[in-house]
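# Survey of secondary and tertiary structure
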There are 2 protein chains.
Amino acid sequence: MRNAIIGGIGVITFVAGYIQGKKERVHWNYDFHKPIFGKVLAATPFTPAVTNNQPTTSRISQIMKYGFPGLENIRSFDDYVLSYDRRTRVAYWVFEHLTKENIKSNETVDRSLCEFKPDESIHPYFRSLNSDFKGSGYDRGHLAAAGNHKSCQKHVEQTFYLSNMAPQVGTGFNRHSWNRLEKYVRKLTKLHNNVYCCTGPLYLPRKESDGKNYVKYEVIGANNVAVPTHFFKVVVMETVNGTFEMEAFVMPNQPIDDSIPLSSFQVPPDSIERSAGLLFFDNLSKEKINKINGKRK
Amino acid sequence: MRNAIIGGIGVITFVAGYIQGKKERVHWNYDFHKPIFGKVLAATPFTPAVTNNQPTTSRISQIMKYGFPGLENIRSFDDYVLSYDRRTRVAYWVFEHLTKENIKSNETVDRSLCEFKPDESIHPYFRSLNSDFKGSGYDRGHLAAAGNHKSCQKHVEQTFYLSNMAPQVGTGFNRHSWNRLEKYVRKLTKLHNNVYCCTGPLYLPRKESDGKNYVKYEVIGANNVAVPTHFFKVVVMETVNGTFEMEAFVMPNQPIDDSIPLSSFQVPPDSIERSAGLLFFDNLSKEKINKINGKRK
């Protein structure tokens, strides 16, 4: 961690301070920019919550243990971390740390009490709203899955910020194959003590009939929220003997037959890195990764 | 400046230190991430040049006087500053400070000695190459204009890094109307002591025949370098009495008739902010801006 931060030349000094366990309550206020045009209000600073009087500092440190994929507009919630893309109004990535214990459902937690809500920490120019999704035909699809955070009402509620949502095809994708993938990732905690999961959108090029490659994606609502063409998940499992296994998936944002095995969506992790403009698990030495997509290296 | 930096919660501590005039030679090394896959080498750190034994610290401070439009992957050259978008392989924005004196051509400067070259400070996964542009039909179009930096051979050479290039339509755009706009901005230094200019790409949505809005842009070369649909320039002029005037332009990346007046490309600055995901001249109080696009507010 330290090396990356030093390498990061102090740009993430604050993050580092936060990660390294300072006890003071810190106000996250990345959107310090105030607009000089228009009648919008400056974004309300986001104050990280303190759960059961425990600061979330060490939790964030744990979630981000193996490096930040990028450093743009980072939001830290109690149980996941997010980087926001102000141009597309969809996160660049979200990061989660799953264990057998922390994904257990707590019977007092009630998902039906959760409401999709705008993330007030995002500047109004770049903030997606429920009205953007309404009538679009797309689900408000969780990036950090609600099902990974059911141990605590507050945690699951925080996954309902619209900054954690991407427009997803509902039937056949969000409610089916993508959900299958989310369940699969949770299952990995049965075999491995620590599972780190990075999830995000992709906007992949396609060759058209003129022989040229184009990136094309729909945008919805008054705020032009981008509809990603694909989504990725990159997962690292810490094995008991201190080595690591990695799996990387890309799924198209479209109905997918439930009978297609998840393994068909595995891709080399660097293909996601190149497309997304991100670098995953950068603090993790390559040598320590024993398996990629189930195959010994 | 100070307020913004404090607001920026120390994320830009290093930048602040740099701006606030520390004398030590600083190594910019934003791409501290090292890939764990593939056989690429880690990016070579970019070392800022020192011109005539003068550190460029104060120059950067001056260029960025009125705020950073965003904070992603910032590169600081001797006479301009750039923020790099790793996903599109085209800068988010470049920032220049122009005066009557600093845009004067020095007769020892020879533009023909300049070569387009890859920016080694960008991680190889995200770095555009000359081969990406070759055969694409697009010019390697400067964002920070070469013509703004002809007072010093080194300055003009630094505008030839491919990180400062975007694929631009040549005839009718890069070599004509966009060049007209660049010349116009230089002319503003005749009337105003200080001219600040922010330039960048846009990827604007368009309604298609199905009634939905889509963002669509070509990508070229093995590195999928994005061809922006439009480009923007936002200019702030400091008047002699301490007030400011602002002009904001958006031009489509296509042949434009030379007879169309530049004023037809003026747009409300906030429309660019919303589309680009950026905030311009954020450290400048709105009250101090007397005119926007030639009109008194």
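An account of the accompanying structure is given in this report. (Residues numbered from 1 in each chain as written. Chains lettered and ligands numbered in written order. Predicted model: local features only at pLDDT ≥ 70, side-chain atom pairs only at ≥ 80, totals over all residues. Heavy atoms only, no water.)

This part takes up the nonpolar core. In this structure, Tyr-217 and Met-251 of chain A together with Tyr-217 and Met-251 of chain B are the most contacted members of the largest nonpolar core, which totals 81 residues. Setting aside residues no more than four positions away along its own chain, Met-251 of chain B makes contact with Phe-173, Ser-177, Trp-178, Leu-181, His-230, Phe-231, Ile-256, Leu-262 and Phe-265 of chain B. (Core = buried A, V, L, I, M, F, W, Y, C linked by side-chain atoms within 4.5 Å. Buried < 20%, exposed > 50% of the residue type's maximum accessible area, 1.4 Å probe, protein only. Contact = heavy atoms within 4.5 Å.)

Turning our attention to helix H6 (residues 170–191) of chain B. Residues and elements named next belong to chain B. The end-to-end C-alpha distance of H6, which contains 22 residues, comes to 30 Å, matching closely the 32 Å that a straight helix rising 1.5 Å per residue would cover. Its axis deflected by about 40° at Asn-179, H6 carries its strongest bend there. The complete set of buried residues in H6 reads Gly-170, Gly-172, Phe-173, Asn-174, Ser-177, Trp-178, Leu-181, Glu-182, Val-185, Arg-186, Leu-188 and Thr-189. Buried residues along H6 sit against strand S3 (90–98), strand S4 (139–142), strand S5 (165–168), strand S6 (194–202), strand S10 (230–238) and strand S11 (244–252). (Helix = DSSP H or I, 4+ residues; strand = E, 2+ residues; numbered from the N terminus. Expected span 1.5 Å × (residues − 1). Bend = angle between axes of the 7 residues up to and from the residue.)

Here we take up the pairing of strand S12 (residues 289–292) of chain B. Residue and element names in this part refer to chain B. Pairing geometry for S11 and S12, over three bridges, is parallel. Bridging across to S12, Glu-245 finds its partner in Lys-291. A crossover links S11 with its parallel partner S12, the connecting element being helix H7 (residues 269–276), and its sense is right-handed. Pairing between S12 and strand S13 (residues 295–296): two bridges, direction antiparallel. Note on S13: the bridge partner recorded for Ile-292 is Lys-295. Between the end of S12 and the start of S13, which pair antiparallel, lie two residues, with Asn-293 showing a positive phi angle near 50°. (Pairing = 2+ DSSP bridges. Right-handed = clockwise from strand over helix to strand, strands pointing away.)

Residues and elements named next belong to chain B. Pairing is mixed in the open sheet, where eight strands are placed in the order S1-S2-S3-S6-S10-S11-S12-S13. Bordering the open sheet on either side are strand S1 (74–76) and S13, each of which pairs with just one other strand. Here five bridges tie S3 to S6, and the two strands are oriented antiparallel to one another. Within S6, the position partnered with Glu-96 by the bridge is Cys-197. Packing against the sheet, H6 makes contact with S3, S6, S10 and S11, and its axis sits at approximately 10° to S10. With respect to the sheet, H7 is in contact with S6, S10, S11 and S12, its orientation differing from that of S11 by roughly 55°. (Axes fitted to C-alpha atoms, helices over the stretch in contact; angles between N-to-C directions.)

A few words now on H7 of chain B. Spacing of three or four residues puts side chains on the same side of an α-helix, whose turn is 3.6 residues. All names here are of chain B. When H7 is considered as a whole, its buried residues turn out to be Pro-269, Asp-270, Ile-272, Glu-273 and Ala-276. Each buried residue of H7 lies within a common arc of 155° when the element is viewed along its axis, so the set occupies one face. Among the structural elements, S6, S10, S11 and S12 are those in contact with the buried residues of H7. Note on H7: the residue one or two positions beyond its end, Gly-277, has a positive phi of about 75°. (Arc of directions from axis to C-beta.)

Counted according to the given criterion, the structure contains 30 aromatic pairs over all chains. Measuring from ring centre to ring centre gives 5.5 Å for Phe-173 of chain B and Trp-178 of chain B, while their planes differ by 20°; the resulting arrangement is stacked. Relative accessible area serves as the criterion here: at 0%, Trp-178 of chain B is assigned to the buried category. Feature note: the residues Phe-68, Trp-93, Phe-95 and Phe-281 of chain A constitute an aromatic cluster, connected by ring pairs. In this structure, Arg-140 of chain A packs its charged tip against the face of Phe-116 of chain A, placed 3.9 Å from the ring centre. (Phe/Tyr/Trp six-rings, centres within 6.5 Å; stacked < 30°, edge-to-face > 60°. Lys NZ or Arg CZ within 6 Å of the ring centre and 35° of its normal.)

Any link to function would need more than the numbers given here.
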